[in-house]
Amino acid sequence: MKTSYDEVRRMAFRALDGARSPAGIDEDSAHGTAWLEAIDLPGMTLLADAIDTSEPDRRARGLSSGQTGERAWRIDADGLSCAFCAATVIDLLIATAETGPDACSTIELTDAKQPLFLIPMAARFCPDGGSIQITWRQDGKDQAFTVTLSGVWLNETSTGDSDGPDASSTGSVTLTSRAVSGLDQMLGRRIDQGLASTLRQGLDVDDNAYARIAAYAAKILVPETATSRVSGAGAGLTDND
Amino acid sequence: MTNDLQAAIETSEALKVALRPPDHVARLDRMGSYFQTPISFMRTLIRRMHRENWRFTTDRFELDADGFGRVVYMIHTPHGAFSFVAFSHDLSPEERTDRVIAERWDATFTLHDGPVDEADLDRLEQNVPLQETGRCSAQELVLSRANKSVRLFDYVTRTLAEGKQPDIRELAKIGYLMRTTAVYGNGKFGMGDFANLHDAPVLNAPFQAELLAVYMIRHFSVALIEHVARMRAPEHAVPLAAAQRRLLGIGNATGLGMAPFLIKHPILIHKWLCARETALARVRGIDQAEAAKRSRFSDLLDRATAHVAEWNVEDSRQQNRIETLRTELADLRRDLDNTPDDVLPEQRPWDNLFRRIEARCSLEAQELTVSLLLETYAELICDLETEMASNEIETTLPAMRLGELKAIIEKDYRWALDIDFSSPEAQHYFWYYSEDKEEPRRGPRFEEPGAECEMRLGFGREVNGLYAELARLDGDGLNNLTAEFLLRRPKWRSTVRRVQTLTRFPYGEIRNNLLGRDCLPIDLLRCKLSFFGATKFDPKSDLWTRITMYQGAPHIDELGADDVDDWAFPVTGSSGAAP
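Residues numbered from 1 in each chain as written. Chains lettered and ligands numbered in written order. Predicted model: local features only at pLDDT ≥ 70, side-chain atom pairs only at ≥ 80, totals over all residues.

Novice: Would you mind showing me how to read the overall build of chain B here?
Specialist: Per the secondary structure count, chain B includes 24 helices and 11 strands. The globule rule puts the C-alpha radius of gyration for 579 residues at 25 Å, and the 25 Å found for chain B is close to it. The principal-axis extent of the C-alpha atoms belonging to chain B is close to 85 × 60 × 50 Å. The 579 residues of chain B split such that 51% are buried. The contacts of chain B with a sequence gap of at least 6 include a subset with a gap of at least 24, amounting to 75%. (Helix = DSSP H or I, 4+ residues; strand = E, 2+ residues; numbered from the N terminus. Rg over C-alpha atoms; globule rule 2.2 N^0.38 Å. Buried ≥ 20, exposed ≤ 12 C-beta atoms within 10 Å, placed from the backbone. Contact = placed C-beta atoms within 7 Å.)

Following this line, the structure appears as structure tokens:
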């Protein structure tokens, strides 16, 4: 079906809210979902999978981290989907980089599901003049993304015969932040090139994925009562006046 | 807070007179006393139409003798054309309801980017009448519907068909032929995302697409009634006279759907309030006023007095406020006549006037005075209309130390820290979306089910809880990065981001507990509607209000007039008060 970006974002936000995702994570991941859909990646399917396969308590719990160097961290996601933690992981990467002289930092994120949600968060929060590189390995293939304010690139040389990023990878993810000037070159193909024209023309989303997200979104709706009905606009007047 | 803004609030260097501080301004009782100003969005749109010489043409007018069918208007702007498409339906009285939960309406509308062809029109005819259950395309920008004010519609049709003009007193009792029950935009139901409009100079100010649609609904409502009268009596029917036509606006029933918007868009709300306060400070800072400006103020005061004299509502709280306001306006007129040098002295006359009103009068009078001063010097403040849009997003500052975050809360959220949220009174209400068409509603937390699904509007409570957690940290803990904290405690992400962001946008946080028993949502509604440019606020409860939009505004064939912007405080003359 054809939708707008904001329609997907709003539906994803409500689904995340209904799934008891932490406040703020739901806002960010809702944007992430719509962003992925806008560049023709299955954001809604991934989000529905993430909700389907996680326990509500786990979604809201924080992550444990340990510092492995002056500006290096290891975070154990403990099987959590990046739909529920991508924003906080990217925050730590950026904050750590900001505290050093060369804007460098590294995070090793282990046992994380759906790492694709890290990409829109990196695109959303990447600092001016900075870059974020995110890599993971799945089924013997590397996925390597480079994110700057100018765009998002996928390293095609390392994707082998794959048509694109593997959406449901589980495993270890390496995130590196550095100044754009520190990048050797922008390897790979640009994957967000069509974003602007998609926003103008609307997003094509999978009907089934949309229905799955809509079902989760409906969980925030409160059933009607006689008392609540009288609190809406227009209540209590004749409308044929 | 930016250095410039901080300076403007704390000192009078930049503006001669300081901005009123956020703690004074961003409070519900004051915001619920606002009136239209020259930088209200309807005013901005009308000025743009005038300035850019917009043209309006009727491409299709396919209505039957009873006024049912379809109409397409084209709106030609220097930056491109829009189509406004209207479908007029036969609606039985039992189907007519202003509730958002209605399923059929007297008329349904869309604003479409560019011309519509036959295929577009067929698609729109299948979907627009369905409203929320239909689908739009990215070319549609607004979806809306309206119902007739049946009593007035019948009366005006009858009189026009008889070759007579309707009595102004009858028109004034209602003020509109149609009232909208929803105006949707920004990507809903498949429509175009407004983020794309930021490149389009025509509609890049707040709510311009929606208000353009409402303006066209007003035009359609007049065209419709003149058509029906003409069909009924081709020999005798006359069109509405200019005076009658002018005072017909568009009605609206506005409920809680608008209230969450103000809480969820704090950067935008900051921009609106900051522009209004900057405008006020500019006028108060004028050293001396020439005679023409004093005379203009005096005329506007008379017009506002007449407007308020015609403003009567059933709600006893609002009616009491209106009656107090009438007395205060009469007092000001008397003082202005008897002791003009006291009211408007030679030096800083407007600042003196404003201080006088602040010291003596109600919030309604204070905020009406803001509007009067801004009207008097519209040319001095209208540039601020360009400062009222925002596409900035709230951003976390992950490298901020927690000690700094704690200090910000102590400085900016004292009002929230002072509330005892363990008291049931402080959490009396919860806000939620109903299963019934997702209508936003508010219910008593301890009496109605559904509190676990509540919307996040209680930021006072959230900040209070965050602060309690930060207060338990020791020195090492407070030296941690925000990012480290949020990784462990993601539940605070939204609250932290809001606190950090609003240090730069201090008018964006309303200093009231929206969950508290004493919260009146009607204040939120009036604030937002005043920024739209609405008038004649008519609260029907604490939760919803009727209003009139574009009453007194020029119609499309009057947009070339020099006084196109002079329609504040519309007066019908129905009360006997002189305009």
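After that view, the rundown keeps rolling.
Novice: Please explain the interface of chain B and chain A as it appears in this structure.
Specialist: By a frequent convention, interface size equals the accessible area lost on bringing the separate parts together. If you look at the interface, chain B gives 58 residues, while chain A gives 44 residues. Listed by contribution, the elements that provide at least two residues to the side of chain B that touches chain A are α6 (150-161), β7 (249-254), β8 (429-434), β9 (440-444), α22 (482-488) and α23 (493-501) of chain B. Broken down by element, the side of chain B that touches chain A gets its largest block of residues, six residues, from α22 of chain B. Residues that form the side of chain B that touches chain A fall into these classes: 19 nonpolar, 18 polar and 21 charged. As paired elements, strand β11 (residues 221-222) of chain A and β8 of chain B share two bridges and run parallel to each other. By the bridge assignment, Leu221 of chain A is partnered in β8 of chain B with Tyr433 of chain B. (Nonpolar A, V, L, I, M, F, W, Y, C, P; charged D, E, K, R; others polar. Pairing = 2+ DSSP bridges.)

Novice: Explain the environment of Phe537 of chain B to me, please; I cannot follow it from the model alone.
Specialist: All names here are of chain B. With respect to the helices and strands, the residue Phe537 is situated in strand β10 (residues 535-539). Each C-alpha atom, one on Phe537 and one on Glu358, is 22 Å from the other, the two residues being 179 residues apart in sequence. Excluding its chain neighbours within four sequence positions, the residues that come into contact with Phe537 are Arg526, Leu529, Thr545 and Ile547.

Novice: When you look at the pairing of strand β1 (residues 55-63) of chain B in this model, what are you seeing that I'm missing?
Specialist: Each regular strand displays side chains that alternate between the two surfaces of the sheet. Residues and elements named next belong to chain B. Bridging between β1 and strand β2 (residues 69-77) involves eight bridges; their strand directions are antiparallel. Paired with Glu62 across the strands is Arg70, a residue of β2. Counting the residues between successive antiparallel strands, the hairpin from β1 to β2 contains five residues, one of them, Gly67, with a positive phi of roughly 90 degrees.

Novice: What is the right way to read the sheet that holds β8 of chain B from this model?
Specialist: What holds strands together in a sheet is hydrogen bonding between their backbones, with the strands either parallel or antiparallel. Judged by pairing direction, the sheet is mixed, and its three strands sit side by side in the order β11(A)-β8(B)-β9(B) without closing on themselves. Sheet topology places β11 of chain A together with β9 of chain B at the edges, where each strand pairs with a single neighbour.

Novice: When you look at the pairing of strand β6 (residues 176-184) of chain B in this model, what are you seeing that I'm missing?
Specialist: Residue and element names in this part refer to chain B. Of all nine residues in β6, nine are buried; the element is thus mostly enclosed. Here six bridges tie strand β5 (residues 140-148) to β6, and the two strands are oriented antiparallel to one another. For Lys148, the partnering residue across the bridge sits in β6 and is Met178. Inspection of the sheet shows β6 paired to β7 by three bridges, in the parallel sense. Residue pairing across strands places Thr180 opposite Asn252, the latter belonging to β7.

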